[in-house]
Amino acid sequence: MARQYFIGMVISTAMQKTVKVKVARRIAHPKVQKIIKTHKNFLAHDEKESCSIGDVVRIEACRPLSKMKSFTVAEIIRPAKTWVDPETGEEKR
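What you see is a predicted model; the values in this text were computed from it and never measured. Residue positions are given per chain, counted from 1 along the sequence in the order it is written. Only residues with pLDDT of at least 70 are given local features in this predicted model, and only at 80 or more are side-chain atom pairs given and counted; all residues enter the totals for whole chains, interfaces and linings. Hydrogens and waters are ignored; side-chain quantities use all the structure's heavy atoms.

### Overview of the packing of aromatic side chains
So, point 1. Working definition: a ring pair exists when centres of Phe, Tyr or Trp rings (six-membered ring for Trp) sit within 6.5 Å. Plane angles under 30 degrees give stacked, over 60 give edge-to-face, the rest tilted. Following the criterion strictly, the structure yields three aromatic pairs and no others.
So, point 2. Measuring from centroid to centroid gives 5.8 Å for phenylalanine 6 and phenylalanine 71, while their planes differ by 55°, and the two rings are tilted. In this pair, phenylalanine 6 sits in strand S1 (residues 5–15) while phenylalanine 71 sits in strand S5 (residues 69–78), placing the two residues 65 residues apart along the sequence.
So, point 3. One aromatic cluster is present, formed by Phe6, Phe42 and Phe71 through successive ring pairs.
So, point 4. Whether a charge sits over a ring comes down to the Lys NZ or Arg CZ being within 6 Å of the ring centre and within 35 degrees of the ring normal. Here the guanidinium or amino end of arginine 58 rests over the ring plane of tyrosine 5, the centre of that ring lying 5.7 Å away. Secondary structure follows DSSP: runs of H or I at least 4 residues long count as helices, runs of E at least 2 residues long count as strands, and numbering of each begins at the N terminus.

Encoded structure:
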C-alpha cells in the first residue's frame, strides 16, 4: 500500500529541520458548482535542510514526529527560480 502524499510549495524555512509547505486544491462548490481554490499548510521534516522558499516538493506521511509534524519531504520536484543580479553579483529570488 502506498503512503499518502501531497505536492506543494515551501513557504517557510524558519525552523530547524522543518519546512512549512502550502498544498493547494481546487474543489467545486456543492451548490453553486463554481471552482474554488483552497489551501492547507503542513509542517514537514527536512532532515538535510536542503529546501528553500519557493521549491515545489512532494511530502509523504510518516509517524508523528511532533505535535504538528507528520510528514517528511520525499523529494524536491522543482527548485525555486533564482537569478544573479548583474550589478551586485548576488543571487536573488
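### Considerations on the pattern of salt bridges
Where charged atoms of side chains with opposite charge meet at close range, the side chains can pair.
So, point 1. Put simply, a salt bridge is a Lys or Arg side-chain nitrogen that is within 4 Å of an Asp or Glu carboxyl oxygen. Scanning the entire structure with this criterion turns up four salt bridges.
So, point 2. For glutamate 60, the salt bridge goes to arginine 3, with nearest N and O atoms at 3.7 Å. Of this pair, glutamate 60 sits in strand S4 (residues 56–61) while arginine 3 is found in the segment before S1, placing the two residues 57 residues apart along the sequence.
So, point 3. Between glutamate 60 and arginine 58 there is a salt bridge whose closest N-O contact spans 3.0 Å.
So, point 4. Taken together, the salt bridges that share partners define one network made up of Arg3, Arg58, Glu60 and Glu75.

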